[in-house]
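Letter by letter, the chains look like this.
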Amino acid sequence: MTLQQTINHMKSLLNQIKEDLSEKVEAGNRAAAQRVRTASIKFEKIAKQFRKESIKGIEQLAKQAKSKKKAAPKKKVAAASKKAAPKKKAAPKKKAAPKKKVAAASKKAAPKKKAAPKKKAAPKKKVAAASKKAA
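In this text, all values refer to a predicted model and were calculated from it rather than measured experimentally.

1. Looking at the overall build of the protein
Item 1. Within the protein, the regular secondary structure consists of five helices and zero strands.
Item 2. The buried share among the 135 residues of the protein stands at 10%.
Item 3. Expressed as a percentage of contacts within the protein between residues at least 6 apart in sequence, the contacts between residues at least 24 apart total 64%.
Item 4. As presented, the protein carries roughly 14,100 Å² of accessible surface, and 60% of it is formed by carbon and sulfur atoms.

2. Some remarks on the pattern of salt bridges
Item 1. Throughout the structure, instances matching the rule amount to two salt bridges.
Item 2. With its nearest N and O atoms 3.9 Å apart, the salt bridge here joins Asp20 to Lys24. Here Lys24 and Asp20 lie together in helix 1 (residues 3-25), a separation of four residues that amounts to about one turn.
Item 3. For the salt bridge of Asp20 with Arg35, the shortest nitrogen-to-oxygen distance reads 3.5 Å. With a gap of 15 residues between them, Asp20 in helix 1 and Arg35 in helix 2 (residues 30-71) connect regions that are remote in the sequence.
Item 4. Classification of Asp20 by relative accessible area gives buried; the value is 10%.
Item 5. The network of salt bridges with shared partners includes Asp20, Lys24 and Arg35.

3. Re a positive patch on the surface
Item 1. A contiguous patch of positive charge, built from Lys42, Lys45, Lys48, Arg51, Lys52 and Lys56, is present on the exposed surface.
Item 2. Mapped onto the secondary structure, Lys52 falls in helix 2.
Item 3. Given the relative accessible area of 59%, Lys52 is considered exposed.

4. A short note on helix 1
Every α-helix carries 3.6 residues per turn, so stepping three or four residues along brings you back to the same face.
Item 1. Here helix 1 contains 23 residues, and its C-alpha end-to-end distance of 31 Å stays within 8% of the 33 Å for a straight helix at 1.5 Å per residue.
Item 2. When helix 1 is considered as a whole, its buried residues turn out to be Thr6, Met10, Leu13, Ile17 and Asp20.

The rules behind each value
- Residues numbered from 1 in each chain as written.
- Predicted model: local features only at pLDDT ≥ 70, side-chain atom pairs only at ≥ 80, totals over all residues.
- Heavy atoms only, no water.
- Helix = DSSP H or I, 4+ residues; strand = E, 2+ residues; numbered from the N terminus.
- Buried < 20%, exposed > 50% of the residue type's maximum accessible area, 1.4 Å probe, protein only.
- Contact = heavy atoms within 4.5 Å.
- Areas by Shrake-Rupley, 256 points an atom, 1.4 Å probe, with all protein chains shown as cover.
- Salt bridge = Lys/Arg side-chain N within 4 Å of Asp/Glu carboxyl O.
- Patch = residues over 30% accessible without salt bridge, like charges linked within 9 Å, V, L, I, M, F, W, Y side chains within 5 Å.
- Lys, Arg positive; Asp, Glu negative; His and termini not counted.
- Charge placed at Lys NZ, Arg CZ, Asp CG, Glu CD.
- Expected span 1.5 Å × (residues − 1).

Here you go:
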């Protein structure tokens, strides 16, 4: 369907729903209530289709606008036809002065001092065992 056909279909469904709701459903007609429920489901499907078609329509309009812009001939600028002045060459960059070498001794860090060795704890004497033997 085209976008216009979809819009017309939506309008007709809405009119059907409006008629059934306003006159028949309010009067207690169960069949009319069923028609409203089914029509609302149809309307939902048509609304989804409308969303898709409207997005496509917008994209097509954008493409047409772009093609019109490209099709229009571009005017030549009179100043562009004149020869441009020759470009000046950039001045050569100066070389940086060589860095002085730092003495090798200053680069090396002083050696780390070793920690003093830890003394081992003396073994504990067994006083309790010696006192039992004496008794």
